[in-house]
Amino acid sequence: MQRKGSHLFLLPVFLFLFITSFAQQLTDKIPFDAKVKTGKLDNGLTYFIRPNQKPEKRVELRLVVNAGAINEDEDQLGLAHMTEHMAFNGTKNFKKNDIVSYLQEIGVGFGNDLNAYTSFDETVYILPIPVDKAGNLEKGFQILEDWAHNISNLSDDIDEERAVILEESRLGKGAEERMFRKILPALFAGSLYADRLPIGKDSIIKNFKHDAIRRFYKDWYRPDLMSVIVVGDITVEQAEALIRKHFNGLKNPANPRERKYAEVKPYAANEVMILTDKEASSSEIAINYPVFKYEPMSTVADYRNSIIKSLFLRMFNQRLQELTQKENPPFNFGGSGFGSYARGYDAFSVYAGAGTGDVKKATQALLEEVERVKRFGFTATELERSKKTTLSNYERSYNNRDKTESANYVEEYINYFLKKDPTPGIEYEFEKVKELLPDISIEEVNSLVNKFIKGVDNRFTYITQPEPKAGEKLASEEEILAFFPAAEKADIKPYEDKVVAASLVENKPTAGKVIFNKKNEKLGTTELTLSNGIKVTLKSTDFKADQVLMSSVRAGGKNHYGATDKYNAEYAVQVVQSMGVGAFSPVDLRKVMAGKTVQVSPFIGAASEGVRGSSTVKDLETMFQLTWLYFTNPRVDTALFKSFVQRNKSQYAMMGANPQFAFVDTLYSVLYNNDPLAPITLPKAQNFDKIDMKRAVEIYKERFGDAGSMEFVFVGSFKEEEIIPLIEQYIGSLPATGKKFASVDNKVRPVKGKKDMMVKKGKDERSMIIQLHSGEVAYSQDLEMKAQAATEVLNIRIIEELREKIGGIYGGGIYGSLEREPYSNYTFAVQLPCGPEKADTLLKAINKEIKEIVTKGPSQKNLDKVKQQWREQHKIDLKENEDWLSAITESKFPGNNIDYFINYEKYIDQITVKDVQQAAAKLLNGPNVFTAIQMPENYVPGEEKKTAERDNNIIQTIEIDKPEI
């Protein structure tokens, strides 16, 4: 008795010690990742170094400047961004364009690798460097140093770059930009953020005095506001020595300007702003709650609170997503989040897209869902699922911790430098999440409502939508405002969380058997044949510690169906996905899959069909089960089908109001001469009225009900002895009759000859040139590779001539491909967004470049740049599961020679200037050239004649006034 009593006495003591220990743990500071070396030079420059061997022989460099658009003076609006551009236009050690040219020579692509961005509060320069050759790394640091304090900012270079900046600004113009510029002053009323969009003002870009940009550079590009980040295949000692060598000499100004942070005040009233635009293509609603000061996480308690916030958002967003699955959904999509453009602030917001649906209905539904959470909170079962998903996400990152790409780490250190967001490392985070998650209660999550939503009277709500049609009356601000008090009084029921089955497949199918097993030493693969005839290729890798990828493919596709079934075949997969599989609707699927990292998606192309998927190692069986269900048990649900149709009709009903949409749609209609079997390039609302649910499901079953001839490929971190039983169980049990499957050529072809077309659409001074070169040609991988070299050399010339010399574009280029299915053909498209006044000049310039490569071939220097970029990229591709999956799958269908992937460098080395010239002559000098130009609706008549005289082609001018097309 006495001993029993002593145990009872010890229990409160133990609880007291546990609670005290837990409270102390919550006050512990979040550590900084020990794998990262950080320091500060005497001049104040901060640096971060992390050795990382993925990818090998490559180092990611970043220069981070803690200054952006918010630091501009009134005569400098847009010059923070333009300073970033000027960094590529000449420095002390690199003449104009030499940086780009040198980096291309060592295999760094401009735009896809080498880049930079400017935001409200920071400017970041992105520089990945291959380090397999001596001198590359040293030169990379020299470039970073030059950006930091040696940008030339020569007057002529500044004046030439104005045109490029204006073209970048032009790219962003349109309905959304016009409305956002009106929203921003209200969203950040009284703050500098209200009038400091990083793109700036065109009037200032055109007219600013040269010293204004030099003043910005002098004031804000200084070491006490800078960080250098080095992550990659490098030692700490080597990186630190290079940082000191190149950045110790930087000096701060004698009288540095204070780096102030803009203040943002809470909203003073409950305000609604309703904006319309002739070219808006859908309606959207955003309800913004007041901002509050954001304090960076520093303790375990802060970290725990951040987990609670993420659980809150995950559950709330799940509920909003469920509303979109209902028949007559109140909106097409909805979401919520925390965040703010403003540094040092946070805010809660909810938003929804109504398409052309009822804005009032969408707003009411959003507010009532907020009210439901305010009154009743979330349920314990919702929380349990969210915890599972959260833990699963951290677990996947933890498992892949030694296989994480360097570029993924860089962002963490940028955020730490700029915002003091903690970076303790995934090992610490995973342990903490496992430790903290179980004790987070539903009461704690629901209490966030009191902190961020309850008692809030002042919000800023904005609605953007198309201009009303004749006789249509839009919601007024007063009507929208009335929904706020109405929601608080509405009869709202608690959320009911439907219980779903614990597993996807209750009764497992009868397993098949592996009847043939062969090793392919060259590929490092295992090739299986199953008892139902299906073939499977396995490639086990160590590229990621916890990633398994799947694909299957065979000949088939949409071309088997005629015009009456065009839309049933086109949307068959989407229809099935909208209704679910087995006993599970999409909502139920998300619930039963909580905590699992699995994705499976069937596809039906023009000439092929199959399934793509991915999973973690522990969720492999779930991926197989979901795959099996997609083949054997698509679900039919009339209400969900109607919801799918309604959402899409609403989403696309007004897309024709967007000038670019209208232009491209018209282009493809003319290109294919309105052929009813022409491929669908852009969805339209009327397409969805033409879908018959039963027929769409029938077509889906025709394509997937018989899995014969399917070639499955699995690549990733699996063990063959563990995956083969699952393959036998779920792939070996798929129905396969032995029927032959083939692709079909439906004889759809682009119009032949040289044709020109002009479309007049849009009120902005924006134009678009699209030139298509197409035709039939005997396919070979050799020709495709040479053709690709031709386009990439042309893209270098487009940057050099059309962007830098003419100043006519910001982005654009030529893109294309060769295909062997459903017939051997090629299509190459030039795309040049520009100003109307430059369209003629740019078209002449690109045609001159094409003529040059057709008649003379590329320069050896530019071809060498392309080949080196390919070599560097291929080194990375050989260590990526995704690239192996694609290469093996394409060797099955359409039948590529996989040696072009394995020994790619051999084929690169063989390409000559003459090869590229001959490929260009065959593919870019053909008889079929379709040139389409979009001009604004106020384009001056008579320009069409100039176009006709220029090319002596047939002109078709199309004016589009109606938004519906």
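How each quantity is defined
- Residues numbered from 1 in each chain as written.
- Predicted model: local features only at pLDDT ≥ 70, side-chain atom pairs only at ≥ 80, totals over all residues.
- Heavy atoms only, no water.
- Helix = DSSP H or I, 4+ residues; strand = E, 2+ residues; numbered from the N terminus.
- Rg over C-alpha atoms; globule rule 2.2 N^0.38 Å.
- Buried < 20%, exposed > 50% of the residue type's maximum accessible area, 1.4 Å probe, protein only.
- Contact = heavy atoms within 4.5 Å.
- Pairing = 2+ DSSP bridges.
- Axes fitted to C-alpha atoms, helices over the stretch in contact; angles between N-to-C directions.
- Polar contact = N/O pair within 3.5 Å; in protein donor to acceptor, adjacent residues only side chain to side chain.
- pLDDT = per-residue confidence, 0-100.
- Phe/Tyr/Trp six-rings, centres within 6.5 Å; stacked < 30°, edge-to-face > 60°.
- Lys NZ or Arg CZ within 6 Å of the ring centre and 35° of its normal.
- 1 Å grid on protein atoms, 1.4 Å probe; cavity = no way out; pocket = protein on both sides within 12 Å on 5 of 7 lines; lining within 4 Å.
- Points joined across faces, edges and corners; volume = space filled by probe spheres on them.
- Nonpolar A, V, L, I, M, F, W, Y, C, P; charged D, E, K, R; others polar.
- Core = buried A, V, L, I, M, F, W, Y, C linked by side-chain atoms within 4.5 Å.
- Left-handed = near helix turned anticlockwise from the far one by under 90°.
- Salt bridge = Lys/Arg side-chain N within 4 Å of Asp/Glu carboxyl O.

In this section: the overall build of the chain. Each helix and strand in the chain was counted, giving 34 helices and 26 strands. For a compact globule of 965 residues, the expected C-alpha radius of gyration is about 30 Å, and the chain comes in at 30 Å, within 12% of that figure. Counting the 965 residues in the chain, one finds 56% classified as buried. Sequence separation of at least 24 residues holds for 84% of the intrachain contacts in the chain that already meet a minimum separation of 6.

Quick look at the sheet that holds strand β5 (residues 123–130) now. What the six strands build is an open sheet, ordered β1-β2-β6-β3-β5-β4; its pairing is mixed. Edge positions in the sheet fall to β1 (37–40) and β4 (115–118), since each has one partner strand and no second. Neighbour-to-neighbour, the strand axes of the sheet open up by a mean angle of 10°, direction not taken into account. Of the pairings in the sheet, the one linking β4 to β5 comprises four bridges and is antiparallel in character. Note that in β5 the partner of Tyr 117 across the bridge is Val 124. Together, β2 (46–51), β3 (58–65), β4, β5 and β6 (226–232) form the strand contacts of helix α13 (residues 406–419), whose direction differs from that of β6 by roughly 160°.

In this section: the sheet that holds strand β14 (residues 514–520). Across the sheet, which stays open at both edges, the seven strands sit in the order β14-β15-β16-β20-β17-β19-β18 with mixed pairing between neighbours. One side of each edge strand has no neighbouring strand; the edge strands of this open sheet are β14 and β18 (598–604). Sheet twist, expressed as the average angle between the axes of neighbouring strands with direction ignored, equals 15°. Direction of pairing for strand β17 (residues 548–555) relative to strand β19 (residues 608–615): antiparallel, over a ladder of eight bridges. In the sheet register, Val 553 faces β19, and the bridge partner there is Gly 610. The strands that helix α21 (residues 620–632) touches are β17, β18, β19 and β20 (711–716); relative to β18, the one it contacts most, it runs at about 30°. In the packing of helix α25 (residues 693–704) onto the sheet, contacts are made with β17, β18 and β19, and the angle to β18 comes to roughly 100°.

What follows deals with helix α8 (residues 210–220). Looking only at α8, the buried set comprises Ala 212, Ile 213, Phe 216, Tyr 217, Asp 219 and Trp 220. Structurally, α8 contributes buried residues whose contacts are with β3, α2 (79–86), α4 (136–149) and α5 (155–171).

For Lys 591, the location among the structural elements is in helix α20 (residues 586–592). There is a polar contact of 2.9 Å between the side chain of Lys 591 and the side chain of Asp 497. The contact partners of Lys 591, leaving out residues within four places of it in the chain, are Glu 322, Arg 385, Tyr 495, Asp 497, Lys 498 and Val 500.

Let us now look at the confidence of the model for the chain. Chain-level statistics for the chain give a pLDDT mean of 94 and a share of 95% at 70 or above. Between residues 1–9, whose pLDDT stays under 50, and residues either more than four places distant or in other chains, the model counts zero contacts. pLDDT under 50 marks residues 960–965. Its contacts with residues more than four places away, or in other chains, come to 19 contacts.

For the rest of this paragraph, the subject is the packing of aromatic side chains. With the rule as written, the count across this model stands at 39 aromatic pairs. Aromatic pair Phe 48 and Tyr 416: ring centres 5.9 Å apart, planes at 85°, arrangement edge-to-face. A residue pair is termed long-range when its members are at least 10 positions apart, and Phe 48 in strand β2 and Tyr 416 in helix α13 qualify at 368 residues. You can call Tyr 416 partly exposed: its relative accessible area is 23%. Residues Phe 644 and Phe 688 carry aromatic rings whose centres are separated by 6.0 Å and whose planes lie at 75° to one another, so their mutual orientation is edge-to-face. Pair noted here: Phe 644 is in helix α22 (residues 638–652) and Phe 688 is in helix α24 (residues 685–689), with a separation of 44 residues, a long-range link. Residue Phe 688 is classed as buried on the basis of its relative accessible area of 1%. In this structure an aromatic cluster arises from ring pairing among Tyr 289, Phe 292, Phe 312, Phe 316, Phe 338, Phe 348, Phe 378 and Phe 452. Positioned above the aromatic ring of Phe 741 is the side chain of Arg 554, whose terminal nitrogen or guanidinium carbon lies 3.6 Å from the ring centre. Cation over ring: Arg 612 sits above Phe 603, and NZ or CZ is 3.9 Å from the ring centre.

Helix α19 (residues 572–579) sits mainly inside the fold: six of its eight residues count as buried. Looking at α19, one finds that the buried residues are Ala 572, Val 573, Val 575, Val 576, Ser 578 and Met 579. Next to the buried residues of α19 lie α18 (566–570), α20, β18, α21, α22 and α25. One or two steps after α19, the chain reaches Gly 580, where phi turns positive at roughly 100°.

If you trace the backbone, Leu 366 turns up in helix α11 (residues 359–376). According to the relative accessible area criterion, Leu 366 is buried, its value standing at 0%. When the C-alpha atoms of Leu 366 and Pro 330 are compared, they prove to be 8.7 Å apart, with 36 residues separating the residues in sequence. In this structure Leu 366 touches Ile 285, Ile 287, Leu 320, Phe 331, Val 350, Tyr 351 and Ala 352, once residues within four positions along its chain are discounted.

Here the focus is unusual backbone geometry. For the peptide bond that leads from Lys 54 to Pro 55, omega is 0°, which places it in the cis range. Each neighbour pair has its own omega, and for Glu 821 with Pro 822 the value is 0°, a cis peptide bond. Here Pro 822 shows up in the loop between β23 (813–819) and β24 (825–834). Of note, Lys 747 is a non-glycine position whose phi angle comes to about 70°, a positive value. Turning to its location among the elements, Lys 747 is positioned in the loop between α26 (720–731) and β21 (754–760). When its relative accessible area of 59% is taken as the criterion, Lys 747 is described as exposed.

Attention now moves to the pairing of β4. Only one face of β4 is covered, namely the one carrying Ala 116 and Thr 118; the face carrying Asn 115 and Tyr 117 has none of its residues buried. Connecting β4 to the antiparallel partner β5 that follows it, the hairpin turn spans four residues.

It is worth spelling out empty space enclosed by the protein at this point. A complete count under the given rule lists four cavities of 30 Å³ or more for this structure. Considered as a void within the structure, the largest cavity measures approximately 70 Å³ in volume. As for the largest cavity, its lining consists of Tyr 289, Leu 367, Val 370, Glu 371, Lys 374, Ile 453, Arg 459, Phe 484, Ala 487 and Glu 488. Put simply, the parts of the chain that give the lining of the largest cavity at least two residues each are α11 and α17 (477–489). Top element by residues in the lining of the largest cavity is α11. It accounts for four residues. Here the residues of the lining of the largest cavity sort into six nonpolar, no polar and four charged.

Looking now at the nonpolar core. Ranked by size, the top nonpolar core spans 58 residues in total, and within it Leu 103, Trp 147, Val 230, Ile 243 and Phe 247 carry the most contacts. Looking at which element gives the most residues to this core, the answer is α4, with six residues.

It is the contact of helix α10 (residues 300–324) with helix α12 (residues 380–399), at a shortest axis distance of 10 Å, that shows an interaxial angle of 115°. Along this stretch, α10 crosses α12, giving a crossing that reads as right-handed. Across from Tyr 303, Leu 311, Arg 314, Met 315 and Arg 319 in α10, the residues of α12 making contact are Glu 382, Leu 383, Ser 386, Lys 387, Thr 389, Thr 390, Asn 393 and Tyr 394. When grouped by side-chain class, the residues that make up the contact of α10 with α12 number five nonpolar, four polar and four charged.

All right, on to the pattern of salt bridges then. It is possible for side chains of opposite charge to pair when their charged atoms get near one another. Scanning the entire structure with this criterion turns up 77 salt bridges. As a salt-bridge pair, Glu 160 and Lys 96 come within 3.6 Å of each other at their nearest N and O atoms. Here Glu 160, found in helix α5, pairs with Lys 96, found in the loop between α2 and α3 (98–105); they are 64 residues apart in sequence, far enough to count as distant. Glu 160 gets classed as partly exposed once you look at its relative accessible area, which sits at 39%. Of the charged contacts in the structure, one is a salt bridge between Lys 865 and Glu 800, with a shortest N-O distance of 4.0 Å. With Lys 865 in helix α29 (residues 860–877) and Glu 800 in helix α27 (residues 781–805), the pair connects residues that are 65 residues apart, well separated along the chain. The class for Lys 865 is buried, based on a relative accessible area of 1%. What you see here is one network of salt bridges that share partners, running through Arg 797, Glu 800, Glu 801, Lys 805, Glu 849 and Lys 865.

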